[in-house]
There are 2 protein chains.
Amino acid sequence: MTLLSEAEIRDCVGFDPQALAAIAQGFSRLAQGRAFAPPVVAIEIPEHGGEVDIKTAYIEGLGSVAVKVAAGFADNPAKGLPYGTGTMVMISAETGFLQALLVDNGYLTELRTGLAGALAADSLARREIESAGVIGAGSQARYQMRGLKMVRDFKRLYVYGPIPEEVSRYVDDIEAELGVEVVVATTAESVVRRSDVVVCATPAREPYLQAQWLHPGLHVTAMGADMPSKQELFAECLARAEHVVCDSVSQCAAIGELHHALDAGLIDESAVDELGELTSGGKPGRQSDDEITICDLTGVGVQDTAIARLAYERAIAAGCGASFGD
Amino acid sequence: MTLLSEAEIRDCVGFDPQALAAIAQGFSRLAQGRAFAPPVVAIEIPEHGGEVDIKTAYIEGLGSVAVKVAAGFADNPAKGLPYGTGTMVMISAETGFLQALLVDNGYLTELRTGLAGALAADSLARREIESAGVIGAGSQARYQMRGLKMVRDFKRLYVYGPIPEEVSRYVDDIEAELGVEVVVATTAESVVRRSDVVVCATPAREPYLQAQWLHPGLHVTAMGADMPSKQELFAECLARAEHVVCDSVSQCAAIGELHHALDAGLIDESAVDELGELTSGGKPGRQSDDEITICDLTGVGVQDTAIARLAYERAIAAGCGASFGD
């Protein structure tokens, strides 16, 4: 059994083409019925404002199954601790025996979510874009733009966030890291109206993005909603878009943006595609420059198994990690 | 983060009163609405005859949540590997941060299942018994009798199993370990007819225990069924018993003996009690010497969190385990 620390995992895997391909393969196999991702297990711990989520998946042909235990505790920041964390246990898909513990502290979740955003944009954004936009200036707002930069060459990034100090740090960091001009917007609306691709990366529990802000040619990825009480887009957005894609239709129907649009009777589940249908080539992505497209990301276990397996393979090849037992 | 090996865990926890009390507390809190155990996650890996089960629970007042990843692979024995294994990840119930990895290789599952059997017998078997019986002579048939011996002083044990060599090893080991006379029975029927308490500990996919074998005063614990296709008792047994108890009614209705009796329309879910109602004193156990009682055990996440937490507390107090990270 191999123990991998966050530092070792960060050294092994990041925004590279093979990582993007691994996530694409996970989604493709899921859409082809060659992977199985059970429903997310969520445990609430109200005494400490905590939620624990368990995600896992088996992907045909992969030698491992990862089980991710992710936690977010509202009381943590007051204790000087990060809000969220996570760990992955990896077992052999051939024998069930323990292969590795990846003590990534949530890094792999951030990464695989950014890579899913990249896949969504690669299928659904216009080929040539001028400006990208991001709502939210936290950690995932960074990962999403790192992912987007892999697949689209944008010169300008509009950012809107509610905490000025956070936005200001975001501007400094991302300008230096991605080499793009980062412009602070004063409203979410101005981000949407001026961008060709927008990523919504907030934990909003009330929708803020209005359907009338959507303009021809725009692609929006919404990755904030991952429980029934979270929502970034007004449900009318999904009705207005020409093409709505979900990472997992069943999961988005339960805990994503899709859930609210279905509840409001504004969209039919059969009109929605799954991201893996696009990555596998089974269905087309964007079909014209004028289409409005939306991708709803809730985070699927296939992403966790795919990225954990890649990190593990590279760590073993590089001789990284501590061993325990055996 | 503390890493505990199977040997360290075996040194820390076994069939002791505090372990029994920890499992009882888990069931009691579940029945009182002071614990939450989400449905079991099951992943099938048909390529290798594998099944991976994930169980977890939060128990109010406990400082940890355990997530157990258990696996059983039909192809393993041909590879010289044990059929099943398991590992538990433990996180803080106050912050979500990783506390421990318990590499118990399934030991804690065997133990907590034996302890649940002990609790069932303690509530439902007659106070004074002469003879116990066990169907199956594998590992869990041992754990069940270790558990039963904690709560009932029996002199004779009838055992039936399909593999003579396995039964013969069972007789030698259990006679020496428990100091009881172990008698080999030639049929499951003769075990049931001659015993005051019977534990069914087989992975049967076809029922074998017939309702007409049940006699006044008998208690039966069936612990084999933990998926919809498994069944040890003919459904009529549950209709014939005066008192049917489940470790978790919702789980047994999906994957236990109860499931088959409900399907056959032979029992009403409202007539079934939950083990935690008995351990908490909310409902009575056995009420007369003549009652026929049945307990259906499928294995609930509260058992895993309870036993993992106890093992961890004792390991920390004893200075056991390797540390990683921090």
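Residues numbered from 1 in each chain as written. Chains lettered and ligands numbered in written order. Predicted model: local features only at pLDDT ≥ 70, side-chain atom pairs only at ≥ 80, totals over all residues. Heavy atoms only, no water.

### Things to note about the sheet that holds strand β8 (residues 131–135) of chain A
Through backbone hydrogen bonds, the strands of a sheet pair up, either in parallel or in antiparallel fashion.
Residues and elements named next belong to chain A.
Thought 1: Reading across the sheet, the eight strands line up as β10-β9-β8-β11-β12-β15-β13-β14 and stay open at both edges, with parallel pairing between neighbours. In the strand order of this sheet, the two ends are held by β10 (181–184) and β14 (273–274), each with one partner.
Thought 2: Pairing of strand β9 (residues 156–160) with β10 involves four bridges; the strand directions are parallel. Each bridged residue has a counterpart across the sheet, and for Val159 the counterpart in β10 is Val184.
Thought 3: Sheet strands touched by helix α5 (residues 164–178): β8, β9 and β10. Its angle to β10, the strand with the most contacts, is close to 170 degrees. (Pairing = 2+ DSSP bridges. Helix = DSSP H or I, 4+ residues; strand = E, 2+ residues; numbered from the N terminus. Contact = heavy atoms within 4.5 Å. Axes fitted to C-alpha atoms, helices over the stretch in contact; angles between N-to-C directions.)

### Focus on the interface of chain B and chain A
Thought 1: Contact residues are listed per partner, giving 43 residues for chain B and 43 residues for chain A.
Thought 2: Regarding the contact of chain B and chain A, the summed buried area is about 3,400 Å², with carbon and sulfur atoms giving 80% of it.
Thought 3: Counting every contact that joins chain B to chain A gives zero salt bridges.
Thought 4: Inspection of the region where chain B meets chain A yields six residue pairs in polar contact (both at pLDDT 80 or more).
Thought 5: Put simply, the parts of the chain that give the side of chain B that touches chain A at least two residues each are β1 (2–5), β3 (41–45), β4 (50–59), β5 (64–73), β6 (84–92) and β7 (98–103) of chain B. (Buried area = accessible area lost by both parts, 1.4 Å probe. Salt bridge = Lys/Arg side-chain N within 4 Å of Asp/Glu carboxyl O. Polar contact = N/O pair within 3.5 Å; in protein donor to acceptor, adjacent residues only side chain to side chain.)

### Some points on the packing of helix α2 (residues 17–31) of chain B against helix α11 (residues 301–317) of chain B
Residue and element names in this part refer to chain B.
Thought 1: Where α2 meets α11, the closest approach of the two axes is 8 Å, and the angle between their N-to-C directions is 140 degrees. Taken together, the axes of α2 and α11 are oblique relative to one another. Our pair here, α2 against α11, has a crossing hand that is right-handed. In this structure, α2 contributes Gln18, Ala19, Ala22, Ile23, Gly26, Phe27 and Leu30 to the contact, and α11 contributes Val302, Gln303, Ala306, Ile307, Leu310 and Arg314.
Thought 2: Class assignment of the residues belonging to the contact of α2 with α11 gives a composition of nine nonpolar, three polar and one charged. (Parallel < 35°, antiparallel > 145°, perpendicular 65-115°, else oblique. Left-handed = near helix turned anticlockwise from the far one by under 90°. Nonpolar A, V, L, I, M, F, W, Y, C, P; charged D, E, K, R; others polar.)

### Quick word on the pairing of strand β8 (residues 131–135) of chain B
Residues and elements named next belong to chain B.
Thought 1: Burial analysis of β8 places five of its five residues in the buried class, which makes it a mostly covered element.
Thought 2: The side-chain alternation of β8 yields two buried faces, one formed by Ser131, Gly133 and Ile135 and the other by Ala132 and Val134.
Thought 3: Pairing geometry for β8 and strand β9 (residues 156–160), over five bridges, is parallel. Bridge assignment links Ser131 to a residue of β9, and that residue is Arg156.
Thought 4: The β-α-β motif built from β8, the intervening helix α4 (residues 139–151) and the parallel element β9 has right-handed crossover chirality.
Thought 5: Judged from the four bridges that link them, β8 and strand β11 (residues 197–200) form a sheet pairing that is parallel. Residue pairing in the sheet places Gly133 in a bridge with Val198 of β11. (Buried < 20%, exposed > 50% of the residue type's maximum accessible area, 1.4 Å probe, protein only. Right-handed = clockwise from strand over helix to strand, strands pointing away.)

### Some details on the sheet that holds β11 of chain B
All names here are of chain B.
Thought 1: If you walk across this open sheet you meet the eight strands as β10-β9-β8-β11-β12-β15-β13-β14, and the pairing is parallel. In the strand order of this sheet, the two ends are held by β10 (181–184) and β14 (273–274), each with one partner.
Thought 2: Those strands touched by α4 are β8, β9 and β11, and its axis lies near 160 degrees from that of β8.

### Quick word on the domain arrangement of chain A
Interface size is often expressed as the accessible area that is lost when the parts come together.
Residue and element names in this part refer to chain A.
Thought 1: Taken domain by domain, chain A consists of domain 1 (2–108 + 302–323) and domain 2 (114–299).
Thought 2: When each unit is reduced to the centre of its C-alpha atoms, the spacing between domain 1 and domain 2 is 23 Å.
Thought 3: The interface is formed by 19 residues belonging to domain 1 together with 22 residues belonging to domain 2.
Thought 4: Here domain 1 and domain 2 share an interface that buries about 1,600 Å² over both sides, 71% of which is from carbon and sulfur atoms.
Thought 5: The largest per-residue losses of area from domain 1 upon contact with domain 2 belong to Phe15, Leu20 and Phe27, which jointly make up 42% of the total buried on that side.
Thought 6: The tally of links between domain 1 and domain 2 comes to zero salt bridges.
Thought 7: Summed over the shared surface of domain 1 and domain 2, the number is four residue pairs in polar contact (both at pLDDT 80 or more).
Thought 8: The set of elements that each furnish at least two residues to the side of domain 1 that touches domain 2 consists of α2 (17–31), β4 (50–59) and α11 (301–317).
Thought 9: Ranked by the residues each element gives to the side of domain 1 that touches domain 2, the list is headed by α2, at nine residues. (Domains from an automatic or database assignment.)

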